[in-house]
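Summary of the model geometry
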Amino acid sequence: MKLDSKIPEGHISQKWTDYKDHLKLVAPNNRPKIDIIVVGTGLAGASAAASLGEMGYNVKAFCFQDSPRRAHSIAAQGGINAAKNYQNDGDSIFRLFYDTIKGGDYRAREANVHRLAEVSGNIIDQCVAQGVPFARDYGGLLDNRSFGGTQVQRTFYAAGQTGQQLLLGAYSALSRQIGLGRVKMFNRHEMLDLVKVDGKARGIIARNLVTGELERHSAHAVVIASGGYGNVYFLSTNAMGSNVTAGWKIHKQGALFANPCFVQIHPTCIPVHGTNQAKLTLMSESLRNSGRIWVPKKKEDAEAIRAGKLKPTQLAEEDRDYFLERRYPAFGNLVPRDVASRAAKERCDAGHGIEANDTNEGVYLDFSTEIQNKGKQAAYAQGNHNPSAEEVTKLGKAWLEEKYGNLFTMYQKITDENPYETPMKIYPAVHYTMGGVWVDYNLQSTIPGCFVAGEANFSDHGANRLGASALMQGLADGYFVLPYTVSNYLADEIRTGKISTDLPEFSEAENRVKDSIDKFLNNKGSKSVDHFHKRLGLIMWNKVGMGRNEAGLKEAITEITALKEEFYRDVNVPGNADELNPQLEKALRVADFIDLGQLMAMDALQRNESCGGHFREEYQDAEGETLRDDENFSFVGAWEYKGDDITKEELHKEELKYEFIKIAARNYK
Amino acid sequence: MSAAKNINITLKIWRQKNSKAKGNLETYKLNDVSTASSFLEMLDQLNEQLINDKIEPIAFDHDCREGICGMCSLYINGRAHGPDTGITTCQLHMRMFKDGDTIFVEPWRSRAFPVIKDLVVDRSAFDRIQQAGGFVSVNTSGNTIDANATPIAKDDADKAFMAAACIGCGACVATCKNGSAMLFVGAKVSQYALLPQGKVEATNRVLNMVRQMDEEGFGNCTNTGACEVECPKGISLENIARMNREYLKASVK
Amino acid sequence: MAKSALLKSSIAKKYWMALTGLFLCLFLAGHLAGNLQLIFGDALQFNKYALFMTSNPAVKLLSYVTYISILFHAVDGFMLTYQNVKARPVGYAKSNPGANSSFSSRNMAILGTLILVFIVTHMVNFWAKMHFDKNMPLQTITVEAMGQKQDLYLTTNEGYLPVQQVAKSYDEATKSGLQTYIENRTEFYNTQAKVKVGEGYKDLHKITVAFFKDAKYGLIATILYVIAMAVLAFHLLHGFQSAFQSLGLNNPNWTPKIKFFGTAFAIVVPLLFAIIPVYIHFFLK
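Just so it is clear, the model here is predicted, and its values are computed rather than measured.

All right, on to the overall build of chain C then. Secondary structure assignment for chain C yields ten helices and seven strands. Relative to the globule expectation of 19 Å for 285 residues, the C-alpha radius of gyration of chain C, 24 Å, shows a markedly less compact shape. The C-alpha extent of chain C, read off along each of the three principal axes, is 75 × 50 × 40 Å. Evaluated residue by residue, chain C yields a buried proportion of 42% over its 285 residues. Look at the contacts in chain C between residues 6 or more apart in sequence, and 60% of them connect residues 24 or more apart. Summed over all atoms, the accessible surface of chain C reaches about 15700 Å², with 68% contributed by carbon and sulfur. Taking the average place of the 25 positive charges on the side chains of chain C and the average place of its 13 negative ones, the gap between the two points comes to 19 Å.

The following block contains the structure:
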């Protein structure tokens, strides 16, 4: 299979404009004759469904949650990037483009990323017009903050709930279209297969999660915006329901799956506390603006802390190792996520971890310096040029509360510790997946008519995503890219007419789904779905996690084959098909995670280099930094499904050409 | 971290096969629950035990487990989201309970939120209220004015944000003795009423959203203030007052 | 187009509750000022006040507004309560409302119903007598002159009429040959000329004092009255500040002041009302 990314010719800054101008259109009177299915209602899905509905297409939107507003985009905390240069610190579209490519360790497509940077400003305009209450300064203008991997302030935010506000903005646009009858919403529905007719995506089989009924829905185009697959690790910052099923089903129908091994491990999450834990909680990256990350210099101190004999606040300044500031003086605590995560892992592996859990994995995120700095500033601002230590501390804490109050409260509720008084404990956790369904410049997968947007596709973040870029990409795809490219595809569909759901392809797909459901329910094994999911997660975390090596990856591949066999033989799925059955839902999702997990290991194994979130222990320099191999691995690895045995999948390569950016070693020192 | 320990508890949980079936409280014993677990992790643990005992596990809504998606619900020991304030059930931790405690777990109760199964309720009424007017009618072209073209006073922007922080979980309805949705609707109306973008459609918005709210069968607000106390995001009663004002303004127009 | 529903919508119903409620608070204040004359004024002053309240056209109008307000407040309240009960068909097995709301805020309907019962009995006991009772006494004073006690009617034009010289009706007057008789319960007529010569004061003061000093029922009446005022206090405790919230008057600056005033009002007004029967029963000679 030849991969055609359909990147338009021309100068990078003109590509999208010129391309857009020449895309085919569908006339307004023809749009109501065309059906579009959108799966997922996060930033990408909701914005796509709203935009397409608004254009006049018949849109059917699906989400497995009880409301489209619950999609996991809602949990994004820190912010959204846009090249507005409101802060006058030299930002520009090119710089955002450059930072994103560099941040992605030169494994993303130039043209896609530049388009993203181009529309970033529109996103902010659009959201403000929708009534998204971004943070503002006292002059009434929008405020910005800084994020990892950048040297400008281009991140727009709404306290620690930016994702929520943006999603609710998109949800409001979607709600408007639902109210107008342009979008029909299917809550508590899960897409369980794609229906292809004559090679084109023509519909989906969805399960009504309340009644258990399998429904056939036809359309002229299908948009998958179902998010990332971080839950393959069981423990992640993803929502419990986040899954890869929609993406995996289209993969099985012929869509290639790209760069599955590119997973972002976020450095600032609350460490694991026990075996019954189901979920890891992220503490926003924005905290790294104010917090300093450290571990004890001496191992004995770390041991004493773990044993509860020593408090972090008792440790003298010279006994602390601010390892990010030490290793990366230029960016300090604001290095990109992959770099920060690996550095934390390196320290913990070396025995300096401070959390008293099974693995001792945890480092400190300390706000005491910031309390002093900001406290002094605040005192001066109040005209107090000789503040007492208490006054400084008090004002500093007040500053922190204003900026991060909700995050601090959340931390305290979860851990029962007061981060104003004692440093936060954090550790990296799986957060975002850069890999996903392979799409061309139109965001179309290798199945005609099947588009993939947001985290579900692989397109914009290369091997590592910079903070505050996921929200940007989701909305860019949904608001500003898909409306053009989907229309371009549909321009040839105006004569097709309504697609019947009585076609044999629909019955075949429905039967496939029905069979797998029946199989699980009749299995009557001895172990719960979670049991297998946790075991898969452990394999993935230990062997396909932050540090990977050839032997481990090979073991992972074998172990997953065994696990898959055992899963199908011994899983116990209680309940029936014709009712709300969360265990059945989980089983269907975990089945796909098992397959994907194996593919991730294979992808990691073939990529004999270290880049971004993919760190192969064999490929590092003397200082433990990643060693990229641009000569041999400057490509997108896209896998083709070849049947139930995932190890038989075939790798296709899309060469990455850098015409406008000079490739360089990624240096944050 | 205060040292985590294990406790044994008794749970009285509402079980209901489906929306038509009659439900009842069932009693379950669960041992060795870590006080560091969240309430939902405790339910996971119970479900694991039930599956192993060949009893159908308990259905409950949950998703993000970090207090923002608004999917989790549960009326725990007589309070929405349990015996703590400013949190959702997924953020409630077992350290709030003592060894030997009996814990009642019930679904949200409201005519507008019918039970689907066990502890799962249907909150789509909230979606329909939003569809009736919870938006600014602007197309998603991106060709709007520059985001900084209209300065908005920080105080208004902050208040709008605090209203918009609502997660739509329905705790306000569940906890209100009248099953009123005024805090939810008030928050949405307020968000737009405070921003210049929302002013254009303010009249129709408040009238339409209130009409839809009434049609859904929610009760009336009697200003008990329970919603404000139990709201995981601390949405203020001021938002209800603002909606009352907006509705009055719209009505006399 | 959106339609407002100024009677039907849930919010509008609350406006009416708030407006009628606040009006009734004003009424309470006025009523209290009048009642306090039972302690601080003499019988004549009180009865003069009672006459003013029943005869002045402006006051009359106001009283009709009050009756309507009470009715509206009650009917609207019942409708709201009915809808609220319907909004939760299945209740909670365990509920801990004390954790998030006050007793009075949760029990406005019950408190209100009790107050309505009180208002009805109160009106039967006093208002109805004042308005309709044929045997409503007229105010008299007893003077002792020359070693003899004599009862005199007081007339509104500041005159006196010896009670012995006034017949209860025209028929009685013709029979007994008295020069004056009472017509229309309060008017004194000359028997020959059938001309009105004066008017007496209905002795509401006497009725009231007798009611609370009644040997058999006085104590229980006093106790019930005090209880009713306690109920009113709880109703006002929530109702006063709640009315402002319903009308959309909530802001960080004013709300604490309104709440403070509301609490003070809810305590002071019923307390003063309650002191009156206690004073009459136990202390009035």
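Next up on the list: the side chain of N208 of chain A. Residues and elements named next belong to chain A. Within the secondary structure, N208 sits in strand β8 (residues 200-208). The class of N208 is buried, set by a relative accessible area of 12%. Of the polar contacts made by the side chain of N208, one reaches the backbone nitrogen of T211; its length is 3.2 Å. Those residues in contact with N208 that lie beyond four places of it in its chain are R188, H189, E213 and E215.

We now examine the domain arrangement of chain A. All names here are of chain A. Per the domain assignment, the segments making up chain A are domain 1 (267-430) and domain 2 (505-630). Just the C-alpha atoms count here: the centres of domain 1 and domain 2 sit 33 Å apart. Each partner contributes to the interface: domain 1 provides twelve residues, whereas domain 2 provides eleven residues. For the pair domain 1 and domain 2, the summed buried surface comes to about 830 Å²; carbon and sulfur atoms form 56% of the total. Summed over the shared surface of domain 1 and domain 2, the number is one salt bridge. Our count for the domain 1 to domain 2 interface comes out at four residue pairs in polar contact (both at pLDDT 80 or more). Looking at the side of domain 1 that touches domain 2, the elements that each hand over two or more residues are α9 (337-352) and β16 (424-433). The residue makeup of the side of domain 1 that touches domain 2, split by class, is five nonpolar, two polar and five charged.

The interface is formed by 48 residues belonging to chain B together with 39 residues belonging to chain C. A combined buried area of about 3700 Å² lies between chain B and chain C, and 53% of that area is made up of carbon and sulfur atoms. Here chain B is connected to chain C by zero salt bridges. Here chain B is connected to chain C by 30 residue pairs in polar contact (both at pLDDT 80 or more). Counting only elements with at least two residues in the side of chain B that touches chain C, the list comes to β5 (102-106), α4 (171-175), α7 (202-215), α8 (226-230) and α9 (238-252) of chain B. For the side of chain B that touches chain C, the element with the most residues is α9 of chain B, which contributes nine residues. Broken down by class, the residue content of the side of chain B that touches chain C amounts to 22 nonpolar, 17 polar and nine charged.

All names here are of chain A. Across the sheet, which stays open at both edges, the three strands sit in the order β7-β8-β9 with antiparallel pairing between neighbours. Of all strands in the sheet, those bounded by a partner on one side alone are β7 (189-197) and β9 (214-218). Strand-to-strand twist in this sheet, taken as the mean axis angle between neighbours without regard to direction, amounts to 25 degrees. As judged from the five bridges shared by β8 and β9, these two strands associate in the antiparallel manner. Within the sheet, the bridge partner assigned to A206 lies in β9 and is E215.

Contact residues are listed per partner, giving 75 residues for chain B and 85 residues for chain A. For the interface between chain B and chain A, the tally reads eight salt bridges. Salt-bridge contacts for K17 of chain B lead to E579 of chain A; the nearest nitrogen and oxygen are separated by 2.8 Å. On the surface where chain B and chain A come into contact, there are 45 residue pairs in polar contact (both at pLDDT 80 or more). Elements supplying a minimum of two residues to the side of chain B that touches chain A: α1 (39-52), β6 (115-117), β7 (120-121), α2 (124-133), α3 (154-164) and α5 (182-193) of chain B. Ranked by residues supplied to the side of chain B that touches chain A, first place goes to α1 of chain B with six residues. Partitioning the side of chain B that touches chain A into residue classes produces 33 nonpolar, 24 polar and 18 charged.

Each disulfide is one covalent bond, formed between the sulfur atoms of two cysteines. This structure, assessed with the given rule, holds zero disulfides over all chains. Cysteine C611 of chain A is unpaired, with the sulfur of C261 of chain A as its nearest cysteine sulfur at 6.8 Å. Owing to a relative accessible area of 0%, C611 of chain A belongs among the buried residues under this scheme. Just so you know, C64 of chain B is unpaired, no disulfide at all, and the nearest cysteine sulfur is the one on C69 of chain B, 3.7 Å from it.

This part takes up the pattern of salt bridges. Residue and element names in this part refer to chain A. By the definition in use, this model includes 79 salt bridges over all chains. The residue D321 makes a salt bridge to R347 at a minimum N-O spacing of 3.8 Å. Of this pair, D321 sits in strand β14 (residues 320-321) while R347 sits in helix α9, placing them 26 residues apart in sequence. Here the salt bridges do not stand alone but share partners, grouping D105, R107, D338, R342, R607, E609, R628, D630 and R666 into one network.

This part takes up the packing of aromatic side chains. Geometrically, a pair of aromatic rings is defined through the distance of the ring centres and the angle of the planes. Residue and element names in this part refer to chain C. Under the criterion given, the structure shown has 52 aromatic pairs over all chains. Arranged with centres 5.8 Å apart and planes meeting at 80 degrees, the rings of Y64 and Y67 form a pair that is edge-to-face. Of this pair, Y64 and Y67 both sit in helix α4 (residues 57-86), three residues apart, which is roughly one turn of the helix. Using a relative accessible area of 46% as the deciding quantity, one classes Y64 as partly exposed. Classification of Y67 as partly exposed rests on a relative accessible area of 26%.

With that settled, consider the packing of helix α3 (residues 43-55) of chain C against helix α8 (residues 204-213) of chain C. Relative orientation and spacing of two packed helices are given, respectively, by the angle between their axes and the distance between those axes. All names here are of chain C. Interhelical geometry of α3 versus α8 gives an angle of 110 degrees and a closest axis separation of 8 Å. Judged on the interaxial angle alone, α8 and α3 are roughly perpendicular. Contact residues: A43, F46, N47 and A50 in α3; L204, H205 and T208 in α8.

In this section: the nonpolar core. Core analysis: the biggest nonpolar cluster contains 246 residues, and I80, F134 and I250 of chain A together with F218 of chain B have the highest contact counts within it. Among the elements that take part in this core, helix α16 (residues 582-606) of chain A stands out by supplying 13 residues, more than any other. Every residue in contact with F218 of chain B, bar those within four places of it in the chain, is listed here: S110, A112, F113, A125, F126, I129, V173, G179, S180, A181 and M213 of chain B together with A87 of chain C. Listed in part, the 37 residues of the second largest apolar core include L28, F46, I207 and F273 of chain C.

Quick look at the arrangement of the chains now. The chain pair with the greatest number of contacts, out of two pairs of chains in contact, is formed by chains A and B. Between chain A and chain C there is no contact; the minimum C-alpha to C-alpha separation amounts to 14 Å.

Residues and elements named next belong to chain A. Most of strand β19 (residues 635-640) sits out of view: six of its six residues are buried. Burial along β19 is two-sided: F635, G637 and W639 facing one way and V636, A638 and E640 facing the other are all buried. As defined by bridge partners, strand β11 (residues 257-258) adjoins β19 across two bridges and the pair is classed as antiparallel. Within the sheet, the bridge partner assigned to A258 lies in β19 and is A638. Strand direction decides the pairing type here: β19 and strand β20 (residues 650-655), joined by six bridges, are antiparallel. Bridged to G637 within β20 is K653.

The next thing to look at is the packing of helix α1 (residues 15-22) of chain A against helix α4 (residues 110-129) of chain A. All names here are of chain A. Relative orientation of the contacting elements α1 and α4 amounts to 90 degrees, with a least axis distance of 9 Å. As summarised for this structure, α1 and α4 are arranged roughly perpendicular, according to the angle between their axes. Of α4, the residues touching α1 (which contributes K15, W16 and T17) are A111, R115, E118 and V119. Grouping the constituent residues of the contact of α1 with α4 by class yields three nonpolar, one polar and three charged.

This next bit is on unusual backbone geometry. The backbone of A468 of chain A shows a phi angle near 70 degrees, a positive value even though the residue is not glycine. Relative to the helices and strands, A468 of chain A is located in the loop between β18 (450-452) and α12 (470-490). Judged by relative accessible area, which is 6%, A468 of chain A ranks as buried. Here the phi dihedral of N223 of chain B falls at roughly 55 degrees; this positive angle occurs in a residue that is not glycine. Position of N223 of chain B relative to the elements: it lies in the loop between α7 and α8. With a relative accessible area of 8%, N223 of chain B lands in the buried category.

Thresholds applied
- Residues numbered from 1 in each chain as written.
- Chains lettered and ligands numbered in written order.
- Predicted model: local features only at pLDDT ≥ 70, side-chain atom pairs only at ≥ 80, totals over all residues.
- Heavy atoms only, no water.
- Helix = DSSP H or I, 4+ residues; strand = E, 2+ residues; numbered from the N terminus.
- Rg over C-alpha atoms; globule rule 2.2 N^0.38 Å.
- Buried < 20%, exposed > 50% of the residue type's maximum accessible area, 1.4 Å probe, protein only.
- Contact = heavy atoms within 4.5 Å.
- Areas by Shrake-Rupley, 256 points an atom, 1.4 Å probe, with all protein chains shown as cover.
- Lys, Arg positive; Asp, Glu negative; His and termini not counted.
- Charge placed at Lys NZ, Arg CZ, Asp CG, Glu CD.
- Polar contact = N/O pair within 3.5 Å; in protein donor to acceptor, adjacent residues only side chain to side chain.
- Domains from an automatic or database assignment.
- Buried area = accessible area lost by both parts, 1.4 Å probe.
- Salt bridge = Lys/Arg side-chain N within 4 Å of Asp/Glu carboxyl O.
- Nonpolar A, V, L, I, M, F, W, Y, C, P; charged D, E, K, R; others polar.
- Pairing = 2+ DSSP bridges.
- Axes fitted to C-alpha atoms, helices over the stretch in contact; angles between N-to-C directions.
- Disulfide = S-S within 2.5 Å.
- Phe/Tyr/Trp six-rings, centres within 6.5 Å; stacked < 30°, edge-to-face > 60°.
- Parallel < 35°, antiparallel > 145°, perpendicular 65-115°, else oblique.
- Core = buried A, V, L, I, M, F, W, Y, C linked by side-chain atoms within 4.5 Å.

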